[in-house]
Amino acid sequence: MADPSVLALREQFRNPEQQRETSTVGMWIFLVTEVMLFGGLFTAFSVYRMSHPAGFDQGSADMEFWLGAINTAVLICSSFTMAMAVHSSETGKKSRLAVFLLLTILIGLVFLVIKFTEYYLHYHDQKLPGILFHDTSPDAAYVQMFFVFYFLMTGLHAFHMIVGEGVLCAMLIRTWLGSFSERYHTPIELAGLYWHFVDTVWVFLFAIFYIPGAHLK
Amino acid sequence: MSQSTVSVKTYAFTLLTLLGLTLLTSLLGLADLGRFSFVAAVAIAAVKASLIACFFMHALYEAKLVRVVMAGGVIWFLIMISLTLSDYLTRGWMPFPGK
């Protein structure tokens, strides 16, 4: 079979290195738009938190703290296996690349299962803002606001995870089809960038939702 | 061309540091730091995010143009949040007659 790097070089690029850098810049510009998307929500959350600290701490105390902490560790591990997948593609080890991609997909699924278990527990505790919300404390309105942010931001994050799982599945299929070599593996790198970015978002979500009220339990 | 950007050792060290920081932030959460628990949690998260960006996302090893784009994202985000919070945090600092 012909070297995939020769087949993959588009005519507008001088060489594979230039093509790779162009793709990387493009991916980072996309990630910057994602930073602004999550950043806007993060800013809004900070403003509300500052205005109503008691209600937001109480909402934070209603989180499933240990599930959140475990999920953070789970996602960090999946970022590590993704980094190892990129490493395998750089060194041209195709079967190892497939194994690490598969591991990343599976660990990502573990994260989603834990996340949706948490959602179920919130449903069970009647903490669905606007639909099924039960709280008799004086700060109930702000606790509800906390849960609006919680479901919006973790939901948007979970959606990104699901998209990421799809991207990684596509990468796994392309690996099996032999599309990558040690000279051409840019898609793996870009999928990795996306996956690590989603991991970074979760690191912040864990910090703002789970930590502040953890000691109140 | 079979050179890797970052060694397995560096990745493993990054993983262990990130897991350690997750444990630290969890323990800090269980201790009562009052108003500082939010600030401390976000500060540790920022350290973790930089570790992920530098080593897992190869930020330290990319071309200048790529780093400019990354810095652009961070700077624009900081402008958004600092200008917004400089309003909300300072409300009520100055007494206004009739208020």
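That block above? That's the structure.
Residues numbered from 1 in each chain as written. Chains lettered and ligands numbered in written order. Predicted model: local features only at pLDDT ≥ 70, side-chain atom pairs only at ≥ 80, totals over all residues. Heavy atoms only, no water.

A. Looking closely at the overall build of chain B. Looking only at helices and strands, chain B has three helices and zero strands in total. In terms of overall size, chain B is more extended than a compact globule, its C-alpha atoms giving a radius of gyration of 19 Å where 99 residues would be expected to give roughly 13 Å. Its C-alpha atoms give chain B principal-axis dimensions of roughly 75 × 40 × 10 Å. Within chain B, the fraction of its 99 residues that count as buried is 32%. A separation of at least 24 residues holds for 58% of the contacts in chain B among residues at least 6 apart in sequence. A total of about 6,200 Å² of accessible surface is found on chain B, and carbon and sulfur atoms cover 73% of it. (Helix = DSSP H or I, 4+ residues; strand = E, 2+ residues; numbered from the N terminus. Rg over C-alpha atoms; globule rule 2.2 N^0.38 Å. Buried < 20%, exposed > 50% of the residue type's maximum accessible area, 1.4 Å probe, protein only. Contact = heavy atoms within 4.5 Å. Areas by Shrake-Rupley, 256 points an atom, 1.4 Å probe, with all protein chains shown as cover.)

B. Quick peek at helix H3 (residues 64-90) of chain B. Under the 1.5 Å per step criterion, the end-to-end length of H3(B) is 38 Å for 27 residues, consistent within 8% with the ideal 39 Å. Three or more residues of H3(B) are buried, namely Val66(B), Val69(B), Met70(B), Gly72(B), Gly73(B), Phe77(B), Ile81(B) and Leu85(B). Buried residues along H3(B) sit against helix H2 (16-51) of chain A. (Expected span 1.5 Å × (residues − 1).)

C. The packing of aromatic side chains, seen in detail. In total, this model carries 30 aromatic pairs over all chains according to the counting rule given. Pairing Phe206(A) with Tyr210(A) gives two aromatic rings, centres 5.4 Å apart and planes at 35°, and the pair type is tilted. Here the residue Phe206(A) and the residue Tyr210(A) both occupy positions in helix H7 (residues 186-210), the gap between them amounting to four residues, near one helical turn. Across this residue pair, the class does not change: Phe206(A) and Tyr210(A) are buried. Directly above the ring of Phe38(B) sits Arg49(A), whose terminal nitrogen or CZ lies 4.6 Å from the centroid. Here the basic side chain of Lys127(A) rests over the ring of Phe133(A), its NZ or CZ set 5.4 Å away from the ring centre. (Phe/Tyr/Trp six-rings, centres within 6.5 Å; stacked < 30°, edge-to-face > 60°. Lys NZ or Arg CZ within 6 Å of the ring centre and 35° of its normal.)

D. Highlighting unusual backbone geometry. The phi torsion at Gln126(A) lies on the positive side, around 60°, for a residue other than glycine. Inspection of the secondary structure puts Gln126(A) in the loop between helix H5 (94-124) and strand S1 (127-128). A relative accessible area of 33% means that Gln126(A) is categorised as partly exposed. The phi dihedral of His58(B) is positive, around 65°, even though this residue is not glycine.

E. Expanded view of H7(A). Across its 25 residues, H7(A) extends 36 Å between first and last C-alpha, which sits within 8% of the 36 Å expected from 1.5 Å per residue. Burial runs high along H7(A): 24 of the 25 residues are buried.

F. Structural context of the nonpolar core. Core analysis: the biggest nonpolar cluster contains 86 residues, and Phe45(A), Leu101(A), Met153(A) and Phe209(A) have the highest contact counts within it. Elements supplying a minimum of two residues to this core: H2, helix H4 (65-90), H5, helix H6 (140-176) and H7 of chain A together with helix H1 (8-30), helix H2 (36-56) and H3 of chain B. Broken down by element, the residue count for this core peaks at 17 residues, all from H7(A). The residue makeup of this core includes at least three contributed by each of domain 1 (1-61) and domain 2 (63-99) of chain B. (Core = buried A, V, L, I, M, F, W, Y, C linked by side-chain atoms within 4.5 Å. Domains from an automatic or database assignment.)

G. Seen up close, the interface of chain B and chain A. Facing the 46 residues of chain B at the interface are 51 residues of chain A. Taking both sides of the interface into account, the surface hidden between chain B and chain A amounts to around 4,400 Å²; carbon and sulfur atoms contribute 80%. Two residues, Arg20(A) and Glu62(B), come together in a salt bridge whose shortest N-O distance is 3.0 Å. The tally of links between chain B and chain A comes to four residue pairs in polar contact (both at pLDDT 80 or more). Secondary structure elements with two or more residues in the side of chain B that touches chain A: H1, H2 and H3 of chain B. Split by residue class, the side of chain B that touches chain A holds 31 nonpolar, 12 polar and three charged. (Buried area = accessible area lost by both parts, 1.4 Å probe. Salt bridge = Lys/Arg side-chain N within 4 Å of Asp/Glu carboxyl O. Polar contact = N/O pair within 3.5 Å; in protein donor to acceptor, adjacent residues only side chain to side chain. Nonpolar A, V, L, I, M, F, W, Y, C, P; charged D, E, K, R; others polar.)

Functional significance is not addressed by these values, which are geometric in nature.
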